[in-house]
Amino acid sequence: MSIDARIVDVEPQPAVSIRVSLPMENLDLGALYGKSFPLVAQTVGQHGGVPAGAPFGLYHQWGPDVVDVEVGFP
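Treat the numbers as computed from the prediction; the structure is a model and nothing was measured.

**Some thoughts on the overall build of the protein**
- In terms of regular secondary structure, the protein is built from one helix and three strands.
- Secondary structure elements of the protein, listed N to C terminal, follow the sequence β-α-β-β.
- Since a compact globule built from 74 residues should have a radius of gyration of about 11 Å, the 14 Å found for the protein marks it as more spread out than a globular shape.
- For the C-alpha atoms alone, the extent of the protein along its principal axes is close to 40 × 35 × 25 Å.
- When the 74 residues of the protein are sorted by exposure, 20% land in the buried category.

Below is the structure:
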């Protein structure tokens, strides 16, 4: 298997997200994303907006004890 890794410069863009910090032992990433993506998208829609791109997860910290992740949409 080959991976075509590269660095790409992109323009900054606004995003809407929620940030969750929890102990690693309590992490269920599938459940976190499954709950958070619809919540963020629904909130954006309630304010007349639409997501401008694919959902994302931005990890501010990953273990060993704590996970700190932002989940949202541009």
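**Structural notes on the pattern of salt bridges**
- A full pass over the atoms with the stated rule returns two salt bridges.
- A salt bridge links Arg19 to Asp68; its shortest N-O distance comes to 2.8 Å. Of this pair, Arg19 sits in strand S1 (residues 16-23) while Asp68 sits in strand S3 (residues 66-73); the two residues are 49 residues apart in sequence, bridging distant segments of the chain.
- Overall, Arg19 belongs to the exposed group, its relative accessible area being 51%.

Each value, and the rule that gives it
- Residues numbered from 1 in each chain as written.
- Predicted model: local features only at pLDDT ≥ 70, side-chain atom pairs only at ≥ 80, totals over all residues.
- Heavy atoms only, no water.
- Helix = DSSP H or I, 4+ residues; strand = E, 2+ residues; numbered from the N terminus.
- Rg over C-alpha atoms; globule rule 2.2 N^0.38 Å.
- Buried < 20%, exposed > 50% of the residue type's maximum accessible area, 1.4 Å probe, protein only.
- Salt bridge = Lys/Arg side-chain N within 4 Å of Asp/Glu carboxyl O.

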